[in-house]
Amino acid sequence: MKSYIVGNWKLNFTVGEASIYLHKLQKKLPNYRDIEVVVAPSTMALQSLSLQVDRHKMKLAAQNAFYRDFGAFTGEVSFAQLRGVVDYCIIGHSERRHIFGEDDKMVQKKVAAAVRNKITPILCIGETESERAFGETADVIRDQLMGGLADVSDEDIDKVIIAYEPVWAISSTKAAKLATPDEVGEVVKLIQKTLKEIYGAKIEDKAPILFGGSVNPSNAGAYLTVPGISGLLVGGASLILSEFTDIIEIAKRVKS
Ligand code: PEP
């Protein structure tokens, strides 16, 4: 299975800055066959970056999109419009869930719309600090996974990526803490168990599981060696080119 290193730029960089970053990243990036490098710029920059990106080296992701293809939905951008522009879309990120009120039903529709439009959803799931403190992690993970994947058939599950991002470990969360590799490993097992319940034993090696939460070059190696982890979703550190390329190098080393 490939390893995935995905940079989530969130609401950062102007279109010009994004283009310069992409130019520099592609210059530094070898053509790795077994590492899928992806960046998720703001929607504003996607169209122009899609003309600049060298798809042999890396891919683009959207950070969000709406589940209806066209219609009276002021301010939205659809998966149908993003088709051919991006290969991936982050869906259900904790900032979408907690700042913009997206629930599992909305996430479910977005995942289905992504698959329908041939865009690979990166489905983000993760518990908050208080949910963990109340012993609700397993229920939250299960509910978010079952909800998000409710419309994904057995045939399509290999077109979905799962990203486990404990909200308390995301660097923008107040007083964020680092997750230990053991804590990540425990939840990965829960995810695998739930996926098997939904899709049966044949799910093995489909639906790669990524980890995200304050990943940087000094902890990337430890997270990448957690059994069942196939890559990283990187927020803050992906904004610094040298840190992002270091993480890609670490993934390459872990892979070989
Ligand atoms: C994220 O928000 O997806 C994320 C992983 O952010 P950070 O790496 O900054 O914690």
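Our structure is the block above this text.
Owing to the predicted nature of the structure, the values given are computational and were not obtained by experimental measurement. (Residues numbered from 1 in each chain as written. Predicted model: local features only at pLDDT ≥ 70, side-chain atom pairs only at ≥ 80, totals over all residues. Heavy atoms only, no water.)

Caption draft 1: Expanded view of the side chain of Lys-110. If you trace the backbone, Lys-110 turns up in helix 5 (residues 104–116). Polar contacts involving the side chain of Lys-110 include one to the side chain of Asn-64, which spans 2.7 Å. At a separation of 2.6 Å, a polar atom in the side chain of Lys-110 contacts the side chain of Glu-102. Setting aside anything within four residues of it in sequence, one finds Lys-110 in contact with Asn-64, Ala-65, Phe-66, Tyr-67, Phe-79, Ile-91 and Glu-102. (Helix = DSSP H or I, 4+ residues; strand = E, 2+ residues; numbered from the N terminus. Polar contact = N/O pair within 3.5 Å; in protein donor to acceptor, adjacent residues only side chain to side chain. Contact = heavy atoms within 4.5 Å.)

Caption draft 2: Structural view of the nonpolar core. Of all hydrophobic cores here, the largest spans 71 residues; its most connected members are Leu-149, Ile-162, Ile-191 and Leu-232. Not counting chain neighbours up to four residues away, the residues in contact with Ile-162 comprise Leu-123, Ile-125, Leu-145, Leu-149, Ile-191, Ala-207, Pro-208, Ile-209 and Leu-210. Counting residues in each nonpolar core, the second largest holds 13 residues, with Val-38, Tyr-88, Ile-122 and Ile-161 among its members. (Core = buried A, V, L, I, M, F, W, Y, C linked by side-chain atoms within 4.5 Å. Buried < 20%, exposed > 50% of the residue type's maximum accessible area, 1.4 Å probe, protein only.)

Caption draft 3: Spotlight on the site of the ligand. Around the ligand, 14 residues are found, and the nearest of them are Lys-10, His-93, Ser-171, Ser-214 and Gly-236. Within the side chain of Glu-165, one N or O atom sits 2.9 Å away from an oxygen atom of the ligand. Interatomic distance of 2.8 Å between a backbone N/O atom of Gly-235 and an oxygen atom of the ligand. Relative to its unbound accessible area of 300 Å², the ligand is 99% covered by the protein chains. When grouped by side-chain class, the residues that make up the shell around the ligand number four nonpolar, eight polar and two charged. (Near = heavy atom within 4 Å. Areas by Shrake-Rupley, 256 points an atom, 1.4 Å probe, with all protein chains shown as cover. Nonpolar A, V, L, I, M, F, W, Y, C, P; charged D, E, K, R; others polar.)

Caption draft 4: Representation of the state of the cysteines in the model. Taken as a whole and assessed by the stated rule, the structure comprises zero disulfides. Here Cys-89 is not cross-linked by a disulfide; its sulfur's nearest cysteine counterpart is in Cys-124, at 9.5 Å. (Disulfide = S-S within 2.5 Å.)

Caption draft 5: Summary view of the environment of Leu-210. Position of Leu-210 among the secondary structure elements: in strand 7 (residues 209–212). Along the backbone, Leu-210 and Glu-165 are 45 residues apart, and their C-alpha atoms lie at a distance of 8.4 Å. Not counting chain neighbours up to four residues away, the residues in contact with Leu-210 comprise Tyr-4, Val-6, Ile-122, Ile-161, Ile-162, Ala-163, Tyr-164, Ile-229, Ser-230, Gly-231, Leu-232 and Leu-233.

Caption draft 6: Region of interest: the sheet that holds strand 7. One closed barrel holds the eight strands; their spatial order is 1-2-3-4-5-6-7-8, and the pairing between them is parallel. Adjacent strand axes in the sheet meet at a mean angle of 25 degrees, parallel and antiparallel pairs treated alike. In the sheet, strand 1 (residues 3–8) pairs with strand 8 (residues 229–234) via four bridges, with the strands oriented parallel. Bridging across to strand 8, Val-6 finds its partner in Leu-233. (Pairing = 2+ DSSP bridges. Axes fitted to C-alpha atoms, helices over the stretch in contact; angles between N-to-C directions.)

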